[in-house]
Amino acid sequence: MSPETRTLKECFARLDADPAGATGYFYGRLFAREPRLRALFPPAMGPQHDRFFQALTRIVWSQDNPAELASHLGRLGRDHRRYGVLREHYPAVETALLATLRTFAADVWTPEAEAAWTAAYRSAAATMIAAAERDAAAHPPWWVAGITGHDRRAHDLAVLTLRPERALPFLPGQYVSVQTARWPRVWRPYSIANAPRPDGTLRLHVRARPAGWVSGALVRHCAPGDTVLLGPATGTMTLAPGSTRGLLLIGGGTGLAPMKALAEHAAASGRDVRLLVGARTEDGLYDLPALRRLESACARLRVTPVLSGAPAPPGGLHGRIPDILPGYLDGVPDWQDHDAYVAGPVPLVRRTVTALQRQGLSLTRIHHDLLAAEN
Ligand SMILES: NC(=O)C1=CN([C@@H]2O[C@H](COP(=O)(O)OP(=O)(O)OC[C@H]3O[C@@H](n4cnc5c(N)ncnc54)[C@H](OP(=O)(O)O)[C@@H]3O)[C@@H](O)[C@H]2O)C=CC1
């Protein structure tokens with residue numbers, strides 16, 4: 001570890017002892033100096049404080065891993081475009097960050113520490129600005145999309161069809177951030193549930209979370225004719241270019257969405273696709289009729305519904321996916337030659353990844369995004 005990195009970590013440890021105090025102080029200083037920046041942020045700042053602290057943590061801990069640091073900062077820079085962040089906003093952030101460190105890391109703050117933090121911040125800002133400017137040459141910061149379909153499949157679940165006003169490029173398995181008119185500046189990620197279509201439409205599977213802002217608005221307060229904003233497609237849970245390997249796709253609850261996109265795309269090209277879709281009860285199999293239609297159109301796609309809290313449905317299994325996996329895989333010829341993709345509740349994803357590894361599948365062949373459940 002370089003002496004500069006050691007200094008950064010030593011100061012950061014003081015912030016880490018009181019993250020809420022440090023982020024509160026940071027944003028207080030930032031908005032006192034530049035009140036107009038407040039308009040870029042959502043009304044409730046709690047989640048933003050957490051995101052800021054997580055980003056700072058990752059930057060500090062990736063200092064000795066330049067490739068990981070550059071990729072993280074590039075993503076951050078691109079993501080900040082949809083908040084309206086510009087090159088000229090970065091110096092105010094530097095001033096507020098250094099003031100926060102000076103206050104919270106007073107006992108270890110030296111001219112060397114100030115020099116190390118200034119250099120690290122300026123280098124990070126330059127990487128973020130460059131990534132944002134490269135992205136700006138290729139994409140708008142967001143797309144306006146009309147809601148053309150709103151199919152309420154359960155009291156808390158809707159399948160939305162969106163038509164962006166201009167083409168929004170994406171790969172099967174990726175997700176977009178969504179902002180509704182009801183909650184300006186509040187963005188939430190949703191996986192796209194279809195492969196790219198000639199008409200450019202996207203489908204989202206949305207379950208309203210208890211007290212969820214964006215999910216509640218999308219399920220209960222949106223209708224055809226409304227518009228939403230979409231960020232660029234992102235996420236690495238995509239198919240390896242050129243691979244013809246079979247796919248084992250596992251989706252729990254609305255984690256079905258990216259699996260359906262991958263299944264549509266891969267099955268159309270004749271690959272062997274096994275799709276396990278998990279739910280507690282039959283009501284949770286909200287998309288099964290569409291999956292059965294897809295299955296009958298694709299000779300090498302097999303869909304298996306799995307119910308954890310009800311008897312096995314027709315053509316399906318009973319149990320929790322990680323528990324039934326070994327028995328299920330016994331019936332799939334050459335399953336070790338497949339690539340596995342997993343999405344759904346975080347504990348389900350974690351347990352399924354472990355179960356697949358126990359069956360002998362290498363981690364490099366297991367793909368997931370671990371999109372945290374958000375409101
Ligand atoms: N790209 C991605 O990574 C995506 C992730 N998601 C995430 O997926 C989640 C979907 O939520 P929702 O639709 O409410 O799903 P549900 O809560 O309805 O759960 C779906 C299934 O997962 C099972 N499950 C949950 N926990 C475990 C566990 N520890 N072990 C085994 N099985 C488990 C449930 O079984 P049981 O009821 O018996 O617990 C149920 O059968 C959200 O958190 C969402 O953020 C959604 C879309 C895309």
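Note that the structure is predicted; figures quoted are calculated from it, not measured. (Residues numbered from 1 in each chain as written. Predicted model: local features only at pLDDT ≥ 70, side-chain atom pairs only at ≥ 80, totals over all residues.)

Across its full length, the protein chain holds 11 helices and 12 strands. For 375 residues, the compact-globule formula gives about 21 Å, and the C-alpha radius of gyration of the protein chain, at 23 Å, lands near that figure. Overall, the protein chain is about 70 × 50 × 40 Å in size when its C-alpha atoms are taken along their principal axes. Burial analysis of the protein chain (375 residues in total) assigns 37% to the buried set. Look at the contacts in the protein chain between residues 6 or more apart in sequence, and 72% of them connect residues 24 or more apart. (Helix = DSSP H or I, 4+ residues; strand = E, 2+ residues; numbered from the N terminus. Rg over C-alpha atoms; globule rule 2.2 N^0.38 Å. Buried ≥ 20, exposed ≤ 12 C-beta atoms within 10 Å, placed from the backbone. Contact = placed C-beta atoms within 7 Å.)

This part covers the UniProt feature "domain: Globin" (unreviewed entry) in the protein chain. Cross-referencing UniProt, the feature "domain: Globin" (unreviewed entry) maps to residues 1–133 in the present numbering. As a span, residues 1–133 carries 74% helix and 0% strand, and end to end its C-alpha atoms are 31 Å apart. (UniProt positions renumbered as here; feature names shortened; annotations may be inferred.)

A few words on the sheet that holds strand 9 (residues 301–307). Here we have six strands laid out as an open sheet, ordered 10-9-8-7-11-12, and parallel in their pairing. Each edge of the sheet is formed by a strand with only one pairing partner; in this case those strands are strand 10 (317–318) and strand 12 (366–368). In terms of strand pairing, strand 9 meets strand 10 through two bridges, oriented parallel. Of the residues in strand 10, the one forming a bridge with Val306 is Leu317. Contacts from helix 9 (residues 288–297) reach strand 8 (273–279) and strand 9, with the element oriented near 155° to strand 9. (Pairing = 2+ DSSP bridges. Axes fitted to C-alpha atoms, helices over the stretch in contact; angles between N-to-C directions.)

One open sheet holds the six strands; their spatial order is 4-3-6-1-2-5, and the pairing between them is antiparallel. Every other strand in the sheet has two partners, leaving strand 4 (188–191) and strand 5 (202–207) as the edge strands with one partner each. Across this sheet, the average inter-strand angle for adjacent strands is 40°, counted without regard to direction. Here strand 2 (residues 157–164) runs beside strand 5; their pairing, made up of six bridges, is antiparallel. Directly across from Val159, in strand 5, lies its bridge partner His205.

What follows covers the UniProt feature "domain: FAD-binding FR-type" (unreviewed entry) in the protein chain. The positions UniProt marks with the feature "domain: FAD-binding FR-type" (unreviewed entry) are residues 140–240. Between the first and last C-alpha atoms of residues 140–240 the distance is 27 Å; the span itself is 8% helix and 40% strand.

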